[in-house]
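One letter stands for each residue in the lines below.
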Amino acid sequence: MADLEEQLKAAQAQRFRIIVTDGVFSMDGNVCPLDKIYELAQKYDAMVMVDESHSAGVVGQTGRGVTERYNLRGKIEILTGTLGKAFGGAIGGFTTGKKEIIDMLRQRSRPYLFSNSIPPMVAAAGCKMVDIMSETNELQDKLHSNTDYFVAKMKAAGFDIKPTESAICAVMLYDAKLSQVMAAKLQEEGIYVTGFYYPVVPKDQARIRVQISAAHEPEHLDKCIAAFTKIGKELGVIQ
Ligand SMILES: Cc1ncc(COP(=O)(O)O)c(C=O)c1O
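Residues numbered from 1 in each chain as written. Predicted model: local features only at pLDDT ≥ 70, side-chain atom pairs only at ≥ 80, totals over all residues.

Engineer: Is there a simple way to explain the overall build of the chain in this structure?
Structural biologist: Scanning the chain from terminus to terminus reveals nine helices and seven strands. Taken over the C-alpha atoms alone, the chain extends approximately 60 × 45 × 35 Å along its principal axes. Each of the 239 residues in the chain was classed as buried or not, and the buried ones make up 31%. Pairs at least 24 apart in sequence give 64% of the contacts found in the chain among residues at least 6 apart. (Helix = DSSP H or I, 4+ residues; strand = E, 2+ residues; numbered from the N terminus. Buried ≥ 20, exposed ≤ 12 C-beta atoms within 10 Å, placed from the backbone. Contact = placed C-beta atoms within 7 Å.)

Below you can see the structure in the form of structure tokens.
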């Protein structure tokens, strides 16, 4: 935030300023400090754009994302999101925000103007998903209880997991090769996870990212935890 403030000061001569941030950071699972970002945006007359791809449907009391969590709904100029994560796994994404900006994007956004649009059934499923979210918090609550369950059991097994407020659980390994070997062995156990290493994450911060879903039942989570425990012991990650 201190550096952001410096950049905003340095950009005061420009006509417009925009702060762009992830809502939930995709490699750690942490939520951006949107309250502080918004404060700085107000102070230095900047617009804010938040990518809610990992936070929409997940963060905030009714899953409306970080703007809901920080009570800033309607205050952020541009929000982007994907239909490919919490919103059901389909292809496609969206941009929403202040009307003037959306009007301009309809004229100027190249993917919008020059690409085939998303299939109608995907758009319809996206609309239905918003209806479902408006009716009940059931899936979102289940996602969070699944994540809490997974993190608690994995920590008890001895794994090092980054603090998360989303569906993302980063199992820290700190070794690039190990992250690849372990992910491959987990896939052999029927667990679909991906190992990430530099430059996708900082040097020596290699990890396996696990994404929990509301579709997971306790037996799925237990199977995953058992596989991590087995392979983790085999590779000397845990005792
Ligand atoms: C932070 C973030 N934004 C956007 C996207 C893009 O989503 P899509 O796969 O729908 O293009 C991703 C995908 O992983 C992401 O992690």
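Engineer: What should I look at first to understand the sheet that holds strand 5 (residues 168-172) in this one?
Structural biologist: The strands making up a sheet associate through backbone hydrogen bonding, with each pair oriented either parallel or antiparallel. Strand order across the open sheet formed by three strands is 5-7-6, with antiparallel pairing between neighbours. Either end of the sheet is taken by a strand with one partner, and the two such strands are strand 5 and strand 6 (194-196). Strand-to-strand twist in this sheet, taken as the mean axis angle between neighbours without regard to direction, amounts to 35 degrees. With three bridges connecting them, strand 6 and strand 7 (residues 207-211) associate as antiparallel partners. Among the inter-strand pairings, Phe196 is bridged to a residue of strand 7, identified as Arg207. Contacting strand 6 and strand 7, helix 8 (residues 176-188) crosses the sheet at an angle of about 180 degrees to strand 6. (Pairing = 2+ DSSP bridges. Axes fitted to C-alpha atoms, helices over the stretch in contact; angles between N-to-C directions.)

Engineer: Just to check I follow, could you spell out the site of the ligand for this structure?
Structural biologist: For the ligand, the full set of nearby residues is Asp22, Ser26, Asp51, Ser53, His54, Thr82, Gly84 and Gly93. Here the shell around the ligand is composed, by residue class, of no nonpolar, six polar and two charged. (Near = placed C-beta within 6 Å. Nonpolar A, V, L, I, M, F, W, Y, C, P; charged D, E, K, R; others polar.)

Engineer: Is there a simple way to explain the environment of Phe16 in this structure?
Structural biologist: Residue position: Phe16 is located in the loop between helix 1 (2-10) and strand 1 (18-22). The class for Phe16 is exposed, based on 8 C-beta atoms found within 10 Å. Sequence-wise, Phe16 and Ile161 are 145 residues apart; in three dimensions their C-alpha atoms are separated by 39 Å.

Engineer: Help me understand the pairing of strand 1 in this model?
Structural biologist: A regular strand carries its side chains on alternate faces of the sheet. The pairing of strand 1 with strand 2 (residues 47-51) spans five bridges and is parallel. Bridged to Ile19 within strand 2 is Val48. Handedness of the crossover joining strand 1 and strand 2 through helix 2 (residues 34-43) is recorded here as right-handed. (Right-handed = clockwise from strand over helix to strand, strands pointing away.)

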